[in-house]
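Architecture at a glance
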Amino acid sequence: MHVFVTGATGWVGSAVVRDLLGAGHQVSGLARCQEKAAALAATGAKVVRGTLDDLDVLHSAASAADAVIHTAFNHDFSRFAENAEQDRRAILALGGALRGSERPLLVTSGLFGLTRGASELEVVSPASPRKSEATARDLAERGVRVATVRLAPSVHGAGDHGFVPILIRLAREKGVSAYPGDGSHCWSGVHRLDAARVYRLALEQGVTQSVYHAVADEAVPFKDIAQAIGRGLGVPVESREREHFGWFAHMASANMAVSSEYTRGLLDWMPSGPGLLTDLENPGYYAA
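Described below are features of the structure shown in this document. (Residues numbered from 1 in each chain as written. Predicted model: local features only at pLDDT ≥ 70, side-chain atom pairs only at ≥ 80, totals over all residues. Heavy atoms only, no water.)

A word on the packing of aromatic side chains
Spelled out, the test is: Only centres within 6.5 Å qualify two rings of Phe, Tyr or Trp (six-membered ring in Trp) as a pair; their planes then separate them into stacked at under 30 degrees, edge-to-face at over 60, and tilted for everything else. A positively charged side chain is recorded as over a ring if its NZ (Lys) or CZ (Arg) lies within 6 Å of the ring centre. The angle to the ring normal must also be within 35 degrees.
Using the criterion set out here, one finds seven aromatic pairs in the structure. Taken together, a centroid distance of 5.4 Å and an interplanar angle of 70° make the contact between Trp247 and Phe248 edge-to-face. Among the aromatic residues, those joined into a ring-pair cluster are Phe163, Trp187, Phe222, Trp247 and Phe248. Residue placement shows Arg130 over the ring face of Phe73; its charged tip is 4.1 Å from the ring centre. Above the face of the Trp11 ring, Arg192 is positioned so that its terminal group lies 4.5 Å from the ring centre.

Comments concerning the packing of helix α1 (residues 13–22) against helix α7 (residues 192–205)
Put simply, the rule is: Axis definition: a line fitted to C-alpha atoms, limited for helices to the stretch in contact. Angles are taken between N-to-C directions and run from 0 to 180 degrees. Secondary structure follows DSSP: runs of H or I at least 4 residues long count as helices, runs of E at least 2 residues long count as strands, and numbering of each begins at the N terminus. Angles are sorted into four bins: roughly parallel if under 35 degrees, roughly antiparallel if over 145, roughly perpendicular if 65 to 115, and oblique for all others. Left-handed describes a crossing in which the near helix is turned anticlockwise from the far one by less than a right angle; the clockwise case is right-handed. Contacts are residue-level and defined by heavy atoms, with any inter-residue pair within 4.5 Å sufficient. Classification convention: Asp, Glu, Lys, Arg as charged; Ala, Val, Leu, Ile, Met, Phe, Trp, Tyr, Cys, Pro as nonpolar; all other residues, Gly among them, as polar.
Two elements in contact, α1 and α7, have axes whose closest approach is 8 Å; the angle formed by their N-to-C orientations is 60°. In this view, α1 runs oblique relative to α7, as classed from their interaxial angle. Of the two elements, α1 crosses α7, and the hand of that crossing is right-handed. Across the interface between the two elements, Ser14, Ala15, Val16, Asp19 and Leu20 of α1 pack against Arg192, Leu193, Ala196, Arg197, Tyr199 and Arg200 of α7. In the contact of α1 with α7, the residues fall into six nonpolar, one polar and four charged.

Considering the side chain of Thr263
Of note, Thr263 is situated in helix α10 (residues 261–267). Leaving out residues up to four positions away in the same chain, Thr263 has contacts with Glu120, Val198, Tyr212, His213, Asp268 and Trp269.

Describing the layout of surface pockets
Definition in use: Whether a set of points on the 1 Å grid over the protein atoms alone is a cavity depends on a 1.4 Å probe fitting there but being unable to get out, while an open set qualifies as a pocket with protein on both sides within 12 Å along at least five of seven lines; lining residues are those with an atom within 4 Å of a point. Grid points are joined across faces, edges and corners, and a volume is the space filled by probe spheres set on the points.
Quantified by volume, the largest pocket comes out at close to 1,400 Å³. If you trace the largest pocket, you find 46 residues lining it, with Thr71, Phe73, Asn74, His75 and Arg130 closest to the centre. Among the elements of the structure, β2 (26–31), α4 (80–98), β5 (105–109), α6 (163–174) and α9 (249–252) are those that each provide at least two residues to the lining of the largest pocket. Taken together, the residues of the lining of the largest pocket sort by class into 23 nonpolar, 18 polar and five charged. For the second largest pocket, the calculated volume is near 230 Å³. For the second largest pocket, the lining is made up of 17 residues, of which Glu120, Glu133, Arg137, Ser210 and Val211 are closest to its centre. Those elements giving two or more residues to the lining of the second largest pocket turn out to be α5 (132–141) and β6 (146–151).

Quick look at the sheet that holds strand β11 (residues 217–221)
Heads up, the rule is: Two strands qualify as a pair provided DSSP detects at least 2 bridges between them.
Spatially, β7-β9-β11 is the arrangement adopted by the three strands of the open sheet, whose pairing is mixed. Two strands lie at the open edges of the sheet, namely β7 (154–156) and β11, each paired on one side alone. When strand polarity is set aside, the average angle formed by the axes of neighbouring strands in this sheet is 40°. Pairing analysis gives three bridges linking β7 to strand β9 (residues 186–191), with the strands arranged parallel. Residue pairing for β9: Val155 is matched across the bridge by Val190. Relative to the sheet, α7 contacts β7 and β9, its axis offset from that of β9 by approximately 80°.

Structural measurements only, silent on function.
Structure, rendered in structure tokens:
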């Protein structure tokens, strides 16, 4: 297939691009600047210059592809509502190019708002601040072959700059690796390369479902994550009130742990990368 990938130079998207190319697919990727375009071209992918606000560019690139994977999202949490709206517009532009065809679209979402242990069948509330999944459902009703890949809150591996590094920076700054309450709430985790493979396998199988869970470690207690960070930094591990976590308190206190049993069986997906706690033993996570 010829696959158009947004976020093609990002943490997840770059792994998706390499996985697709390694499996013999052709890839076009969105890049917003010359430096990122050069890095993408070096992988063997075709570069599409533009941003998520260039809706005509998105529509044109999707129209020329056999399938589309949308991984791009602006993670500036100070502008989350605006970024969610940008994401919604981009998904609509991509879906509009594919409407009425059998060419699939995979969009990306997270686990926030799902109940602990939820399966792929549980529906995220339409009131969720991130609009990707709700937008995908709307497109499906309009004749677009679309599905959502829900990523674990920790997509980990060498070079990780996501939620766990936020916790590491907080622990370094405050001299304690903290967990809210008793720390029994859980996060899911997935190695970056395992997550990338979910997208490819879903495309190759024809995108037969509406939701896939890219989740390897289904439920890692938050206290265990804090303890691993404490060992890595050599700082104490203690319970703290929500205020300790500042703007990140909502995420640090959330249960974001689901089942991926259905996705594993459907795609014959067997995660092979290290688990989250194993990865957190890597000294690279704690390099200042």
